[in-house]
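Take a look at the letters that make up each chain.
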Amino acid sequence: MDTARPPWVRRCLGPVRAPWSPVGAEPRSWAGARLPWISTVAVTVFVTLGSVFAAHGQPGRMPLDGFGRALLILGGALLLFRHRLPRTVAIGTSALAAVYFAAGYPYGPVFLTVALGAFAAILAGYRLVTWCALGGLWVGHLLVGHWLYRWLPPPHGRPAPWGDELFVAVLIVAVVAVSELIRVRRGQFARVRAERAAAERRRADEERLRIARELHDVLAHSISVINVQAGVGLTLLDSDPEQARSALTTIKAASKEALGEVRQVLDTLRAPGDAPRSPAPGLDRLPELTEQARSAGLAVTVTAEGTRTALPPNADLAAFRIVQEALTNVVRHSGSRTARVRLRHAPGALEIEVDDDGPATAAPGERAGGNGLIGMRERAAALGGTVEAGPRADGGFRVRARLPLSGSRGAAARTDTPGAPEEES
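Residues numbered from 1 in each chain as written. Predicted model: local features only at pLDDT ≥ 70, side-chain atom pairs only at ≥ 80, totals over all residues. Heavy atoms only, no water.

**Student:** Tell me about the overall build of the protein chain, and please be specific about residues and values.
**Tutor:** Check the secondary structure of the protein chain and you find 11 helices and six strands. Here the analysis covers contacts within the protein chain between residues at least 6 apart in sequence; of these, 72% occur between residues at least 24 apart. Put simply, the protein chain shows about 23,100 Å² of open surface, and 63% of that area lies on carbon and sulfur atoms. (Helix = DSSP H or I, 4+ residues; strand = E, 2+ residues; numbered from the N terminus. Contact = heavy atoms within 4.5 Å. Areas by Shrake-Rupley, 256 points an atom, 1.4 Å probe, with all protein chains shown as cover.)

**Student:** Would you mind going over helix α4 (residues 86–102) in detail, with residue names and values included?
**Tutor:** Here α4 spans 24 Å end to end across 17 residues, near enough to the 24 Å set by a 1.5 Å rise per residue. Burial of α4 is extensive: 12 of the 17 residues sit out of reach of the surface. By the burial criterion, the buried members of α4 are Pro-86, Arg-87, Val-89, Ala-90, Gly-92, Thr-93, Ser-94, Leu-96, Ala-97, Tyr-100, Phe-101 and Ala-102. Within two residues after α4, Gly-104 carries a phi angle of roughly 85°, on the positive side. (Expected span 1.5 Å × (residues − 1). Buried < 20%, exposed > 50% of the residue type's maximum accessible area, 1.4 Å probe, protein only.)

**Student:** Tell me what's going on with the pattern of salt bridges, and back it up with residues and numbers.
**Tutor:** Under the counting rule described, the total for this entry stands at 16 salt bridges. Linking Arg-127 and Glu-180 is a salt bridge whose minimum nitrogen-to-oxygen distance equals 3.1 Å. Residue Arg-127 is located in helix α6 (residues 127–146), and its partner Glu-180 is located in helix α7 (residues 162–236); the two are separated by 53 residues in the primary sequence. A relative accessible area of 12% means that Glu-180 is categorised as buried. The salt bridge involving Asp-357 is made with Arg-392; its shortest N-O contact spans 3.2 Å. Of this pair, Asp-357 sits in the loop between β3 (349–356) and α11 (371–382) while Arg-392 sits in the loop between β4 (386–391) and β5 (397–404), placing them 35 residues apart in sequence. (Salt bridge = Lys/Arg side-chain N within 4 Å of Asp/Glu carboxyl O.)

**Student:** So, the packing of aromatic side chains: which residues are in play, and what are the values?
**Tutor:** Following the criterion strictly, the structure yields seven aromatic pairs and no others. With a centroid separation of 6.5 Å and an interplanar angle of 45°, the aromatic rings of Phe-67 and Tyr-105 are classed as tilted. Taken together, the residues span a long stretch of sequence, with Phe-67 in helix α3 (residues 66–78) and Tyr-105 in the loop between α4 and α5 (110–124) at a distance of 38 residues. Note on Tyr-105: relative accessible area 4%, which makes it buried. Pairing Tyr-100 with Phe-101 gives two aromatic rings, centres 5.6 Å apart and planes at 75°, and the pair type is edge-to-face. Taken individually, Tyr-100 and Phe-101 each receive the classification buried, so the pair is uniform in this respect. Through successive ring pairs, a cluster of aromatic residues spans Phe-67, Tyr-100, Phe-101, Tyr-105, Tyr-107, Phe-111 and Phe-167. Above the face of the Tyr-107 ring, Arg-61 is positioned so that its terminal group lies 4.7 Å from the ring centre. (Phe/Tyr/Trp six-rings, centres within 6.5 Å; stacked < 30°, edge-to-face > 60°. Lys NZ or Arg CZ within 6 Å of the ring centre and 35° of its normal.)

**Student:** I'd like a rundown of the pairing of β3, residues and numbers included.
**Tutor:** Of all eight residues in β3, seven are buried, a share of seventy percent or more. Between strand β2 (residues 338–346) and β3, which pair antiparallel one after the other, the connecting turn spans two residues, and Gly-348 there sits at a positive phi close to 80°. Relative to β5, β3 is paired through eight bridges, and the arrangement is antiparallel. Residue pairing for β5: Glu-353 is matched across the bridge by Arg-400. (Pairing = 2+ DSSP bridges.)

**Student:** Lay out the UniProt feature "transmembrane region" (unreviewed entry) in the protein chain in plain terms, naming residues and giving numbers.
**Tutor:** Here, the residues flagged by UniProt with the feature "transmembrane region" (unreviewed entry) are residues 35–55, 67–85, 97–121, 128–146 and 166–184. Along residues 97–121, the helical share is 72% and the strand share 0%, with 16 Å between the first and last C-alpha atoms. Secondary structure across residues 166–184 divides into 100% helix and 0% strand, with the first and last C-alpha atoms of the span separated by 27 Å. (UniProt positions renumbered as here; feature names shortened; annotations may be inferred.)

**Student:** Help me get a handle on the side chain of Thr-93, residues and values and all.
**Tutor:** Mapped onto the elements, Thr-93 comes out in helix α4. A relative accessible area of 1% means that Thr-93 is categorised as buried. Within the structure, the side chain of Thr-93 is placed 2.8 Å from the backbone oxygen of Val-89, a separation counted as a polar contact. Engagement of the side chain of Thr-93 in a polar contact is seen with the backbone oxygen of Ala-90, the distance being 3.2 Å. Apart from the residues lying within four places of it in its own chain, the contact partners of Thr-93 are Gly-75, Leu-78, Leu-79, Thr-113, Val-114 and Gly-117. (Polar contact = N/O pair within 3.5 Å; in protein donor to acceptor, adjacent residues only side chain to side chain.)

**Student:** Kindly report on the packing of helix α2 (residues 37–55) against α3, identifying the contributing residues and their values.
**Tutor:** Contact pair α2 / α3: the axes reach a minimum separation of 9 Å and the direction vectors enclose 155°. By the angle between their axes, α2 is roughly antiparallel relative to α3. Two packed elements cross with a definite hand, and for α2 against α3 that hand is right-handed. Facing α2, whose interface residues are Thr-40, Thr-44, Val-47, Thr-48, Ser-51 and Val-52, α3 presents Arg-69, Leu-72, Ile-73, Gly-76 and Ala-77. The residue inventory of the contact of α2 with α3, partitioned by class, reads five nonpolar, five polar and one charged. (Axes fitted to C-alpha atoms, helices over the stretch in contact; angles between N-to-C directions. Parallel < 35°, antiparallel > 145°, perpendicular 65-115°, else oblique. Left-handed = near helix turned anticlockwise from the far one by under 90°. Nonpolar A, V, L, I, M, F, W, Y, C, P; charged D, E, K, R; others polar.)

**Student:** How would you summarise the side chain of Arg-308 if you had to cite specific residues and measurements?
**Tutor:** Position of Arg-308 among the secondary structure elements: in the loop between β1 (299–306) and α10 (313–333). Its relative accessible area of 10% is what places Arg-308 among the buried residues. There is a polar contact of 2.9 Å between the side chain of Arg-308 and the side chain of Asp-284.

**Student:** An account of the packing of α5 against α6 is needed here, citing residue identities and associated values.
**Tutor:** Between α5 and α6, the least distance of the axes is 8 Å, while the angle of their chain directions is 160°. With respect to their mutual orientation, α5 and α6 come out roughly antiparallel. As α5 runs across α6, the sense of the crossing is left-handed. On the side of α5, the interface is formed by Val-114, Ala-118, Ala-121 and Ile-122, while α6 contributes Arg-127, Thr-130, Trp-131, Leu-134 and Leu-137. Of the residues that constitute the contact of α5 with α6, the class distribution is seven nonpolar, one polar and one charged.

Encoded structure:
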C-alpha cells in the first residue's frame, strides 16, 4: 500500500499507518495525555478577535465574514489534538491557512495556529512532514498572489507585492527555526538526563558489586575457619575436652571478627554523609590473618621483599583481601597444611604470591572457577592490576597478583630488606 504512492509523497507524508494502528506506534505518543482545552480555547479566541481587529487596518483585503471566522475557529480547534495527532494538525492548520489567504482575508494572528501546529509536529519527530506543510503554505500563497489572483478575491488587476511574500516566508522560516532549536535543546536535555541516569545506575551496580565482593571475602574466610574448628571440636569433644574448648574459643573469635567486618561493610549502605566508623583492613592485619589460618591448621610463611611504602587505601584493602581469599582457598580446597606468602614491593607496584604444595581436594575445575578468584581478579582490575591463578607443575597451586601503586604516597612506612627473615605462623 505504501509503495503505491509516489516517492515524494512518502518522503513528505511519512509511512502509511493502518486506521486501527494505535497512537503509540508514532515516534512520540501523547495518547494518555489530557486534551489541552484551556490553551486551545484561549488561542482560538485570541486568533479570532485579533483577526477582526487586524481587518480594520487592511482595507485592500476581504472583510472577515462567517466563512473566514469558521476557518479561524476550525484551525484553532485542530490544535486540541496537536499532541495526539501532530502530523495531521500540522498539515490541517497549514491547509486552512492557505484557504484563508486564498479567500483574501486579512493577515493577522492566523499564523499563530500554524506556528503551534508546526511546533508540536516538529517536537513529535515529524520534521519532514512539517517542512512540507509549511512549504506548501508558502507556495500556495505565492501562486494565489502572482497567478490565481485574477480569479480569487479580493478583486484587483495586479499581483500582490513581493513584500507580502517576503513577510510570509520570514514567518515560516522563524517558526521552523524556533521549533528546531527547541527540539535540539530538548534532545540535549534528554541525553544529559539519560547519561546521568546511566551513570547513577553504573555507580549503584559498582557499589553493589563492591559490597558483594567484600561480604564474600569476609564470610568465606571466617566460615572456613569456623567450619574447620567445628570439625576439630566435634572430633575431640570426648577424648580431649580442653582442645575442643580451644576450638570453640577460636570459633567465637572468628565469628565476632566476621560480624564486625560485615557491620563495617554494611555501614556503606547508610544515608549519605555517614562514614564507616572503623578503618578498612589492610596488610597491617596480615599477622592476625596468619594467626587465624594457623588456628585452622594451616602454617603460613610470610616473606617481604623490597622497601615497603604506605599503600593507598584501595590497594591496601585489595592486597589484604587477595591474600585472605588465597589462604581461604588453601584451607578449603588443598590437602597441604602449609602456605607461603611473598610480598614484593617493586617500584610503583606491589606483587603478591601465595603458594601451597597441594594436592587439591576439590573437584577438577572447581578451584579455578569460584567466585573468590573472580573477586580477586575484579579487585586487581579495578586498580589496573592483574591476578593469575592456577596449578603449578609440581602439583601445588599458585596465586600471583600485581597491583599498581601510582597513587601511593612517597613517605615510607617501614623498610624491609631483601632476604629478611621469614615469619611463620
